[in-house]
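Descriptive structure summary
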Amino acid sequence: ETGVTQSPTHLIKTRGQQVTLRCSSQSGHNTVSWYQQALGQGPQFIFQYYREEENGRGNFPPRFSGLQFPNYSSELNVNALELDDSALYLCASSLGTGIGETQYFGPGTRLLVL
Amino acid sequence: AQRVTQPEKLLSVFKGAPVELKCNYSYSGSPELFWYVQYSRQRLQLLLRHISRESIKGFTADLNKGETSFHLKKPFAQEEDSAMYYCALLSSNTGKLIFGQGTTLQVKP
């Protein structure tokens, strides 16, 4: 069984640029959730994708967008980067969205915006 | 409002001492709660969830709806328990996990 993988591991961008982060879900999982973890904070929910459709969104502006592909891998896109976007971005996959479904996390992508 | 509070940023104990990591939540429905752990240089991983009522690595957590708490306990701490611990609440209508700010557990020899 392959766990959740994310790429790249680290990334440096400048303010105003755009970034795409990638996530491969665990084998058999059809749901991917994205979280932002600022330094010293717990992860904050960005959005969730279930079978290629957005299935819930947290309190993040529209410049944060995502995609899920037929193989259930996912991308997180952030446009017009701001300094405060510097954080660890976590992806988690699960078998579904219902009660009792455990989310399994990837190692994260650390983004630094200068 | 849906919220998870972990009041302690750091908890430092000696090996063999009991440990209690506090977690309080605010949720209008029937809560589903988790403890996740992150060891140094490792990914966030599930430690336990209240619906399974398991004991993992000697840790237990009991849901107390009256006190809206889900404290994590271990009777005898080990050095390898040193890590960051996050309490999380699953919002059933959105599928999102709501995390607390985390507590660093430091177990001294």
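See the structure above.
Rules used throughout
Residues numbered from 1 in each chain as written. Chains lettered and ligands numbered in written order. Predicted model: local features only at pLDDT ≥ 70, side-chain atom pairs only at ≥ 80, totals over all residues. Heavy atoms only, no water. Helix = DSSP H or I, 4+ residues; strand = E, 2+ residues; numbered from the N terminus. Rg over C-alpha atoms; globule rule 2.2 N^0.38 Å. Contact = heavy atoms within 4.5 Å. Areas by Shrake-Rupley, 256 points an atom, 1.4 Å probe, with all protein chains shown as cover. Lys, Arg positive; Asp, Glu negative; His and termini not counted. Charge placed at Lys NZ, Arg CZ, Asp CG, Glu CD. Phe/Tyr/Trp six-rings, centres within 6.5 Å; stacked < 30°, edge-to-face > 60°. Buried < 20%, exposed > 50% of the residue type's maximum accessible area, 1.4 Å probe, protein only. Lys NZ or Arg CZ within 6 Å of the ring centre and 35° of its normal. Pairing = 2+ DSSP bridges. Axes fitted to C-alpha atoms, helices over the stretch in contact; angles between N-to-C directions. 1 Å grid on protein atoms, 1.4 Å probe; cavity = no way out; pocket = protein on both sides within 12 Å on 5 of 7 lines; lining within 4 Å. Points joined across faces, edges and corners; volume = space filled by probe spheres on them. Nonpolar A, V, L, I, M, F, W, Y, C, P; charged D, E, K, R; others polar.

1. Here's the deal with the overall build of chain B
Broken down by element type, chain B carries zero helices and 11 strands. Mapped in sequence order, the helices and strands of chain B form the string β-β-β-β-β-β-β-β-β-β-β. Computed over its C-alpha atoms, the radius of gyration of chain B comes to 13 Å, within 12% of the 13 Å expected for a compact globule of 109 residues. With respect to the principal axes defined by its C-alpha atoms, chain B has extents near 45 × 30 × 25 Å. The long-range fraction of contacts in chain B, counting pairs at least 24 apart against all pairs at least 6 apart in sequence, stands at 58%. When the accessible surface of chain B is totalled, it reaches about 5,500 Å², and 49% of it is carbon and sulfur. Each charge class in chain B can be summarised by its mean position, and for the 14 positive and 9 negative side chains these summaries are 5 Å apart.

2. A look at the packing of aromatic side chains
For the structure shown, the criterion picks out 11 aromatic pairs over all chains. Each ring, one from Phe-34 of chain B and one from Tyr-36 of chain B, has its centre 6.2 Å from the other, and the planes form 35 degrees; the classification is tilted. Classification of Tyr-36 of chain B by relative accessible area gives buried; the value is 0%. Through a chain of ring-to-ring contacts, the aromatic side chains of Tyr-35, Phe-45 and Phe-105 of chain A together with Phe-34, Tyr-36, Tyr-86 and Phe-99 of chain B assemble into a single cluster. The cationic tip of Lys-108 of chain B hangs over the ring face of Phe-14 of chain B; the distance from NZ or CZ to the ring centre is 4.5 Å.

3. A closer look at the sheet that holds strand β3 (residues 19-24) of chain A
Residues and elements named next belong to chain A. Read from one edge of the open sheet, four strands run β1-β3-β8-β7, paired in antiparallel fashion. At either end of the open sheet lies a strand with only one pairing partner, and these are β1 (5-7) and β7 (64-68). Mean inter-strand twist for the sheet, computed between neighbouring axes without regard to direction, equals 20 degrees. As defined by bridge partners, β7 adjoins strand β8 (residues 74-78) across five bridges and the pair is classed as antiparallel. When the sheet's bridge partners are listed, Phe-64 is paired in β8 with Val-78.

4. Focus on unusual backbone geometry
The omega angle of the peptide bond from Ser-7 of chain A to Pro-8 of chain A is -10 degrees, so this bond is cis rather than trans. Mapped onto the elements, Pro-8 of chain A comes out in the loop between β1 and β2 (10-13).

5. Description of the sheet that holds strand β8 (residues 72-74) of chain B
Residue and element names in this part refer to chain B. As summarised here, the arrangement of the three strands in space is β3-β8-β7, forming an open sheet in which the pairing is antiparallel. Where the open sheet ends on each side, the last strands, each with one partner, are β3 (19-21) and β7 (60-61). Pairing between β7 and β8: two bridges, direction antiparallel. Across the sheet, the residue bridging to Ala-61 is Leu-72, located in β8.

6. Digging into the layout of surface pockets
By volume, the largest pocket is sized at about 480 Å³. Lining the largest pocket are 20 residues; nearest its centre among them are Leu-88 and Arg-110 of chain A together with Gln-38, Arg-41 and Gln-42 of chain B. Considering only enclosed or pocket space, the second largest pocket measures out at about 250 Å³ in volume. Of all the elements in the fold, those that place two or more residues in the lining of the second largest pocket are β5 (44-50) of chain A together with β10 (96-99) of chain B. Here the lining of the second largest pocket takes four residues from β10 of chain B, the largest share from any one element. A per-class count over the lining of the second largest pocket returns seven nonpolar, seven polar and one charged.

7. Considerations on the environment of Gly-102 of chain B
Residues and elements named next belong to chain B. Mapping Gly-102 onto the fold places it in the loop between β10 and β11 (103-108). C-alpha of Gly-102 to C-alpha of Leu-47: the two residues are 55 residues apart in sequence and 14 Å apart in space. Ignoring any residue separated from it by four or fewer positions in sequence, one finds Gly-102 in contact with Gln-6, Glu-8, Lys-9, Met-84, Tyr-85 and Tyr-86.

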